Amino acid sequence: MNQETTPAQTPTPVHQFTILLSATRRGARLARLLTREQLHSWGRPSDAAEHVVAELANNAVLHGHVPGRSFRLGLLLSAANTLRIEVTDARADRSPPLHARRPSPEAESGRGLLLIEALADRWGADLGPLPLHPCKTIWAELDALRER
């Protein structure tokens, strides 16, 4: 497990993609589809990244939704072929736990962070400076972007 809560030093990206999406199930689905298309245009594999984006976007919709506010998807590909995925929502007051917890076997949800932990080389949360930016960014990095 490589979860972090301090801002990471992100190198200057070779490729960058950022978009605001509605904090709805449709917006979360669009985030995954846009990730697939963007990584395809960069000539990079996308399966693991799509799964990470799907989980982070769904979490932004379910746990970070504020009526009338969107969430932001960011994809940054470094020269070292590391993909940084960032999903920013409007709820800085609702941060993920420091460690992914295994839900009970009969639980219908609660496995998203376990998936992020399994697919990402690092992940964490950065809070916007309150009170000016009441938001949080959940990020995940996939090193040497490859199929997993």
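Look up: the structure comes first, before these words.
Summary of the structure given here.

Conventions used here
Residues numbered from 1 in each chain as written. Predicted model: local features only at pLDDT ≥ 70, side-chain atom pairs only at ≥ 80, totals over all residues. Heavy atoms only, no water. Core = buried A, V, L, I, M, F, W, Y, C linked by side-chain atoms within 4.5 Å. Buried < 20%, exposed > 50% of the residue type's maximum accessible area, 1.4 Å probe, protein only. Helix = DSSP H or I, 4+ residues; strand = E, 2+ residues; numbered from the N terminus. Salt bridge = Lys/Arg side-chain N within 4 Å of Asp/Glu carboxyl O. Expected span 1.5 Å × (residues − 1). Contact = heavy atoms within 4.5 Å. Axes fitted to C-alpha atoms, helices over the stretch in contact; angles between N-to-C directions. Parallel < 35°, antiparallel > 145°, perpendicular 65-115°, else oblique. Left-handed = near helix turned anticlockwise from the far one by under 90°. Polar contact = N/O pair within 3.5 Å; in protein donor to acceptor, adjacent residues only side chain to side chain.

## Considerations on the nonpolar core
Here is step 1 of the chain: Val52, Phe71, Leu73, Leu75, Leu83, Ile85 and Ile116 are the most contacted members of the largest nonpolar core, which totals 31 residues.
Here is step 2 of the chain: Of all elements in the fold, only strand S2 (13–22), helix H1 (25–41), helix H2 (47–63), strand S3 (70–78), strand S4 (83–89), helix H3 (112–119), strand S5 (122–127) and strand S6 (136–142) reach the threshold of two or more residues within this core.
Here is step 3 of the chain: A per-element tally of this core places H2 first, with 8 residues.

## Here we look at the pattern of salt bridges
Here is step 1 of the chain: As enumerated under the stated definition, the model contains 8 salt bridges in all.
Here is step 2 of the chain: With a closest N to O distance of 3.4 Å, Glu50 and Arg32 form a salt bridge. You can see Glu50 sitting in helix H2 and its partner Arg32 sitting in helix H1, a full 18 residues away along the chain.
Here is step 3 of the chain: Here Arg84 and Glu86 are joined by a salt bridge, their closest N and O atoms 2.7 Å apart.
Here is step 4 of the chain: Among the charged side chains, a salt-bridge network with shared partners connects Arg84, Glu86, Arg122, Asp126, Glu141 and Asp143.

## Quick notes on H1
Here is step 1 of the chain: A rise of 1.5 Å per residue sets the reference length of H1, with its 17 residues, at 24 Å; its end C-alpha atoms lie 25 Å apart and thus fit the reference within 8%.
Here is step 2 of the chain: Elements that come into contact with the buried residues of H1 comprise S2, H2, S3 and S4.
Here is step 3 of the chain: Where H1 ends, the next residue or the one after it, Gly43, has phi of about 70°, a positive value.

## Here we look at the packing of H2 against H3
Here is step 1 of the chain: Where H2 contacts H3, the two axes come as close as 10 Å, and the packing angle between them is 150°. As far as their axial angle goes, H3 and H2 are roughly antiparallel. Between H2 and H3 lies a crossing whose hand is left-handed. From H2, Ala48, His51, Val52, Glu55, Leu56 and Asn59 reach across to H3, where they touch Gly112, Leu113, Leu115, Ile116 and Leu119.

## Here's the deal with the environment of Asp126
Here is step 1 of the chain: Tracing the backbone through its elements, the reader meets Asp126 in strand S5.
Here is step 2 of the chain: In this structure the C-alpha to C-alpha distance between Asp126 and Glu86, which are 40 residues apart in sequence, comes to 9.9 Å.
Here is step 3 of the chain: Looking at Asp126, its side chain comes within polar contact range of the side chain of Trp139, at 3.5 Å.

## Topic: the environment of Gly112
Here is step 1 of the chain: One can find Gly112 in helix H3.
Here is step 2 of the chain: Assessed through its relative accessible area of 12%, Gly112 is described here as buried.

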